[in-house]
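# Report on the structure
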Protein chains: 2
Amino acid sequence: MPTIESPTATEAPPSGTGLRERKKRETATAIEMAAVDLVARLGLADVTVEAISAQAGVTSRTFFNYYAGKEDAVLGHSRMFPPPSLQRLEFRPGVAILDAVIDALRDEFAAFDFGTKEFQAKRRAILVAHPNLLVSSFQALDGIEVDFALQIERLLGDEGVVPAAERSREAWALVMLVGGVLRLAMHSWSQEEQSGHPLSDHVDIARATILAAARRE
Amino acid sequence: MPTIESPTATEAPPSGTGLRERKKRETATAIEMAAVDLVARLGLADVTVEAISAQAGVTSRTFFNYYAGKEDAVLGHSRMFPPPSLQRLEFRPGVAILDAVIDALRDEFAAFDFGTKEFQAKRRAILVAHPNLLVSSFQALDGIEVDFALQIERLLGDEGVVPAAERSREAWALVMLVGGVLRLAMHSWSQEEQSGHPLSDHVDIARATILAAARRE
DNA sequence: CACGATTCTTGCATACCGTGAAACTTTTCT
DNA sequence: AGAAAAGTTTCACGGTATGCAAGAATCGTG
């Protein structure tokens, strides 16, 4: 081995190790910043991938290696980094599955609050001007819902309340509920005047609101 | 008046009158049929707009007059005919707003069941192979959600239960709930083996499932 | 039915999108 | 240092989507 091993590094470093990984992250955020900046100033339609790439200092071909299009770049959904998964989520008695799933997704949402206040404000403005972007946000990220449904079905099995025959339908219902909660949270977050509460607060309120609405009927 | 009035036609015919309107509908369904047929056989990626247009007997330029892309053509979301609106929906005491809204959208869903059994089966197969299409289906149809939220807010005002300050949030929560119900219905409909129950049945089941899931927490 | 007005289709031109393949550069590992 | 792995660039290409102007079909009216 050439260099001295970093201490407590026997465990495989999952990310952030090495220059390569760091540069990848830098490129990803550079593109994301450029995309948010340009789209906030000119509008989604009047910004080309080429312009974003130029401002980020890469070729447009590289852009497409990271993001599938402007929309994903604005939202920060890079192809290079895996989408969230519920694989490691375990059932805990006393914790509602809906809550467990939403909590598990908090980290993903935290990424939306990264950067300066100005940056967040720009992104919020974009989401106000282009509400359709919210749809693809944290929902239907290319089959992610299927994974979610399977994992939730597994949790339902561990819970043991819902009969096996109903679990798939029930799991998909929960997926749709979670999706609704997250989208509502994104909506109120984007509508908020000035930079206010973090997204996680909006998630809590959104969950309470949707559950209350469902119970009112 | 040039021609003899058709009997019982004192009421303004809202649609389907005239040769022009009929031809428009014919062209729209011709494109839709061609799109579903080709995509079912070759897959979404291997079908070009040009191929769909050719099979439908129009130019690709005309195709784009009717649909924004293959996806919309497969789903039957034509630009020529306005998306559903809740403008005319009125509050009725004793009828839950969620139910009223869903009922009002039934007609749109009926359109999904049109055509031969084979045609419906083809479309179901497409939706199984391309679950992402479901996302854009009856949700976020280019700002339709904003209209929905406003109309639901109006209904909430007529109902008079929710305080005014909470109505917007509540309305959006209902929008997300309705969206979840419709998407769940579409999902189970598309997953169904063989041509089975009409979509409206799936809507009823989906609504019950989601509300039950929300109440279980 | 004949006329103008409206509406839809078409063809052309154009810009952008998104991907594959091969050459080249940078990082990693030993 | 040198080979292997990973990332970027260049080039090429087909598909997507829209604007515009000319032409054809339909509608309303006298």
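Because the structure is a prediction, the values reported are computed rather than measured.

Counted as a void, the second largest pocket has a volume near 550 Å³. Along its surface, the second largest pocket is lined by 27 residues, and A:Val146, A:Trp172, B:His187, B:Ser190 and B:Gln191 are the ones closest to its centre. At the level of secondary structure, the elements contributing two or more residues to the lining of the second largest pocket comprise α9 (144-159) and α10 (164-191) of chain A together with α7 (117-129), α8 (132-136), α10 (164-191) and α11 (199-216) of chain B. Considering every element that reaches the lining of the second largest pocket, the biggest residue donor is α10(B), with six residues.

Facing 34 residues of chain B, the contacting portion of chain A comprises 34 residues. Together, the buried faces of chain B and chain A total about 3100 Å²; carbon and sulfur atoms form 62% of this surface. Across the chain B-chain A interface, the total number found is six salt bridges. B:Glu145 serves as the salt-bridge partner of A:Arg183, at 2.7 Å between the closest nitrogen and oxygen. Our enumeration of links across chain B and chain A arrives at six residue pairs in polar contact (both at pLDDT 80 or more). Of all the secondary structure elements, the ones that give two or more residues to the side of chain B that touches chain A are α5 (97-104), α9 (144-159), α10 and α11 of chain B. For the side of chain B that touches chain A, the element with the highest residue contribution is α10(B), accounting for twelve residues. Residues of the side of chain B that touches chain A, tallied by class, amount to 19 nonpolar, five polar and ten charged.

Residues and elements named next belong to chain A. Considering all chains together, one arrives at 22 salt bridges over all chains under this definition. Ionic pairing is found between aspartate 37 and arginine 41, a salt bridge with its closest N-O pair at 3.3 Å. Highlighted residues: aspartate 37 and arginine 41, both in helix α1 (residues 18-42), separated by four residues, approximately one helical turn. Exposure remark for arginine 41: the relative accessible area of 54% places this residue in the exposed category. Salt bridges here are not isolated pairs; linked through shared partners, they connect Asp99, Asp103, Arg106, Asp204 and Arg207.

Definitions and limits used
- Along each chain, residue indices are assigned from 1 in the same order as the chain's sequence is written.
- All chains are assigned letters beginning with A, and all ligands numbers beginning with 1, in the order in which they are written.
- The predicted nature of this model means local features are confined to residues of pLDDT at least 70 and side-chain atom pairs, given and counted, to a pLDDT of 80 or more, with totals for whole chains, interfaces and linings taken over all residues.
- Side-chain metrics in this entry use all non-hydrogen atoms of the structure; hydrogen atoms and water are not considered.
- Lining residues are defined by having an atom within 4 Å of a point belonging to a cavity or pocket. Those points lie on a 1 Å grid over the protein atoms alone, cavities being sets where a 1.4 Å probe fits but cannot get out and pockets being open sets with protein on both sides within 12 Å along at least five of seven lines.
- Grid points are joined across faces, edges and corners, and a volume is the space filled by probe spheres set on the points.
- Numbering of helices and strands runs from the N terminus; a helix is a DSSP stretch of H or I covering at least four residues, while a strand is a stretch of E covering at least two.
- Contacts: residue pairs with any heavy atoms within 4.5 Å of one another.
- Joining two parts hides part of their accessible area as seen by a 1.4 Å probe, and the buried area is that hidden amount summed over both.
- Only one rule defines a salt bridge in this text: a Lys or Arg side-chain nitrogen within 4 Å of an Asp or Glu carboxyl oxygen.
- Here a polar contact is taken to be a pair of N or O atoms separated by no more than 3.5 Å, where protein atoms must pair a possible hydrogen donor with a possible acceptor and residues adjacent in sequence count only if both atoms sit in side chains.
- Charged residues are taken to be Asp, Glu, Lys and Arg, nonpolar residues to be Ala, Val, Leu, Ile, Met, Phe, Trp, Tyr, Cys and Pro, and polar residues to be all remaining types, Gly included.
- Each residue gets one of three labels from its accessible area relative to the maximum for its type: buried under 20%, exposed over 50%, partly exposed in between, using a 1.4 Å probe on protein chains only.

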